[in-house]
Amino acid sequence: MDIAVKPLDPADEKAVEQAYQITEAALAADVPDFPPVGRQRFLAELRHPWPGNAHERALATIDGVAAGYVVIELPQLDNLDNAEVDLMVHPEYRRRGVGRALYEYAKDVVRGLGRKRLMGMSVETLPGGVARDEAGGGFATAMGAKGALSDVRRRLDVTKVDEADLDRQLAAAWERAAGYSLIQWRGATPEEIIDDIAYLDGRLTADAPMGELEWEVEKIDADRLRAMDAVVMARGRRRYHSAVRHDESGKVVAFTTIDLPGTVDWHAFQQITIVEPAHRGHRLGTVVKLENFRYARVHEPGLRAIDTWNAAVNDHMISINEAMGFRPVDGWQNWQHDL
């Protein structure tokens with residue numbers, strides 16, 4: 001059995017298609033309740049990289065047959081000692097050394113660039129929850145990585161939300177939020193608030209629980225945010241945003257985002273929710289999340305499920321999500337390998 005790993009050339013249509021097929025097969029096996037990535041989304045992410053990141057990609061073959069795929073993400077503006085690895089092996093070729101070959105390749109690339117850490121994620125079963133194949137966690141441990149932060153994915157079944165209860169929650173939250181005004185938008189960030197949104201976006205890695213992950217605060221400014229918005233649109237993603245402005249200061253002090261990847265209309269991701277520390281205690285997190293949920297549904301009538309991740313210790317945000325109706329599905333371990 002001959003295992004070979006070679007860099008993937010984005011111009012090589014055959015290799016790209018093989019990588020796509022591996023990605024879909026691995027996702028369907030590991031997280032079957034996720035929607036498929038879709039060829040359009042896969043190609044868009046390949047052609048429109050995330051701003052501030054470089055990528056290395058490689059394909060693994062067994063006796064000439066494509067069996068595994070790895071993406072190495074390399075931050076360029078911050079976290080210059082780190083690299084993120086997304087490694088996939090086709091279910092038909094697992095436990096034959098493909099994953100190890102791809103991981104060794106990734107280590108060589110990262111070490112060659114002078115970086116010190118590899119990071120990645122794997123799914124795991126929650127107590128009493130949906131069964132998941134935990135081979136990814138065993139593999140990470142075998143490779144020398146250590147669990148650094150435990151996340152939990154929760155899903156909101158949009159078809160079963162208690163509308164009257166959400167209305168009551170929102171009304172109660174607004175009673176605590178006197179002196180704040182709602183702002184909503186789709187697509188690119190409005191220029192009149194872009195500096196405030198960039199500041200809040202940059203706070204996320206400072207404020208969210210990070211466990212033992214050695215991940216420094218990301219440097220987000222208006223130019224980087226404009227570039228991010230451009231990539232989101234180029235990839236065909238649809239994003240809905242709600243924020244609140246502090247009337248006295250005129251500053252935007254909280255915002256949240258719901259993101260539809262654009263491949264299917266029934267599934268979305270609940271992304272960032274952040275409140276500036278000086279303005280906490282006014283239920284602004286609840287306000288923006290519930291208002292944004294309403295906003296997205298107006299424009300996305302086919303929406304049936306929303307997934308979100310929280311650090312297992314993030315009790316405050318979890319309480320908001322669970323009050324909305326989000327329920328635990330599975331665990332996600334963040335791994336860190338110090339090279």
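Data block above holds the structure.
Since the model is a prediction, treat every value here as computed from it, not as a measurement. (Residues numbered from 1 in each chain as written. Predicted model: local features only at pLDDT ≥ 70, side-chain atom pairs only at ≥ 80, totals over all residues. Heavy atoms only, no water.)

Caption draft 1: The arrangement of the overall build of the protein chain in detail. Summing up its helical and strand segments, the protein chain has 9 helices and 12 strands in all. Here the protein chain has a C-alpha radius of gyration of 21 Å; the compact-globule value for 339 residues is 20 Å, and the two agree. C-alpha atoms of the protein chain, sized along the principal axes, occupy 65 × 40 × 35 Å. Expressed as a percentage of its 339 residues, the buried residues of the protein chain come to 50%. Sequence separation of 24 or more characterises 73% of the internal contacts of the protein chain that already satisfy a separation of 6 or more. For the protein chain, the computed accessible surface area is about 15700 Å², with 50% contributed by carbon and sulfur atoms. (Helix = DSSP H or I, 4+ residues; strand = E, 2+ residues; numbered from the N terminus. Rg over C-alpha atoms; globule rule 2.2 N^0.38 Å. Buried < 20%, exposed > 50% of the residue type's maximum accessible area, 1.4 Å probe, protein only. Contact = heavy atoms within 4.5 Å. Areas by Shrake-Rupley, 256 points an atom, 1.4 Å probe, with all protein chains shown as cover.)

Caption draft 2: Representation of the packing of helix α8 (residues 284-299) against helix α9 (residues 315-324) within the structure. Axis separation between α8 and α9 bottoms out at 10 Å; the angle between their running directions is 35°. When the axes of α8 and α9 are compared, the crossing they make is right-handed. Touching G285, T286, K289, L290 and F293 of α8 are M317, I320, N321 and M324, all from α9. In terms of residue class, the contact of α8 with α9 is made up of 5 nonpolar, 3 polar and 1 charged. (Axes fitted to C-alpha atoms, helices over the stretch in contact; angles between N-to-C directions. Left-handed = near helix turned anticlockwise from the far one by under 90°. Nonpolar A, V, L, I, M, F, W, Y, C, P; charged D, E, K, R; others polar.)

Caption draft 3: Seen up close, the side chain of D151. Mapped onto the fold, D151 is located in strand β6 (residues 146-157). In this structure D151 is buried but unpaired, with R154 as the nearest side chain of opposite charge at 8.7 Å. At 3.0 Å, the side chain of D151 forms a polar contact with the side chain of N334. Sequence-distant contacts of D151, that is, excluding residues within four places in its chain, are made with M121, W309, N310, A311, A312, D330, G331, W332 and N334. (Lys, Arg positive; Asp, Glu negative; His and termini not counted. Salt bridge = Lys/Arg side-chain N within 4 Å of Asp/Glu carboxyl O. Polar contact = N/O pair within 3.5 Å; in protein donor to acceptor, adjacent residues only side chain to side chain.)

Caption draft 4: View of the sheet that holds strand β5 (residues 117-124). Strand order in this open sheet of 12 strands is β1-β2-β3-β4-β5-β12-β6-β11-β10-β9-β8-β7, and the pairing throughout is mixed. Here the strands that pair on one side only, and so sit at the sheet edges, are β1 (3-7) and β7 (180-186). Neighbour to neighbour, the strand axes of the sheet diverge by 25° on average, direction disregarded. (Pairing = 2+ DSSP bridges.)

Caption draft 5: Quick look at unusual backbone geometry. Of note, the phi angle at N79 is positive, near 50°, even though the residue is not glycine. Relative to the helices and strands, N79 resides in the loop between β3 (65-75) and β4 (82-89). Owing to a relative accessible area of 1%, N79 belongs among the buried residues under this scheme. In this structure, R95 is a non-glycine residue whose phi angle is positive, near 65°. Within the secondary structure, R95 is located in the loop between β4 and α3 (98-112).

Caption draft 6: Inspection of the packing of aromatic side chains at higher detail. In total, this model carries 9 aromatic pairs according to the counting rule given. Judged by centre distance (5.5 Å) and plane angle (55°), the rings of Y20 and F42 are tilted. Linking Y20 in helix α1 (residues 13-30) with F42 in helix α2 (residues 39-47), this pair joins segments that are 22 residues apart in sequence. For the pair Y20 and F42, a shared accessibility class is recorded, and that class is buried. On the basis of an interplanar angle of 15° and a centroid distance of 6.4 Å, the ring pair of F34 and W332 is categorised as stacked. Of this pair, F34 sits in the loop between α1 and α2 while W332 sits in strand β12 (residues 327-338); the two residues are 298 residues apart in sequence, bridging distant segments of the chain. Taken as a pair, F34 and W332 share a single burial class, namely buried. Among the aromatic residues, those joined into a cluster by ring pairs are F34, F269, W309 and W332. (Phe/Tyr/Trp six-rings, centres within 6.5 Å; stacked < 30°, edge-to-face > 60°.)

Caption draft 7: Focus on the pairing of strand β11 (residues 305-311). Across the 7 residues of β11, 6 count as buried, placing the element largely inside the fold. Where β6 meets β11, 7 bridges bridge the pair, whose relative direction is antiparallel. Its bridge partner lying in β11, L156 is registered against I306. Looking at chain direction, strand β10 (residues 267-275) and β11 are connected through 3 bridges and run parallel. Looking at β11, one finds that A268 is bridged to I306.

Caption draft 8: Main features of the packing of helix α6 (residues 194-207) against helix α7 (residues 222-234). Where α6 meets α7, the closest approach of the two axes is 9 Å, and the angle between their N-to-C directions is 90°. Accordingly, the angle class assigned to the pair α6 and α7 is roughly perpendicular. Across the interface between the two elements, I194, D195, I197, A198 and D201 of α6 pack against A222, L225, R226 and M228 of α7. The residue makeup of the contact of α6 with α7, split by class, is 6 nonpolar, no polar and 3 charged. (Parallel < 35°, antiparallel > 145°, perpendicular 65-115°, else oblique.)

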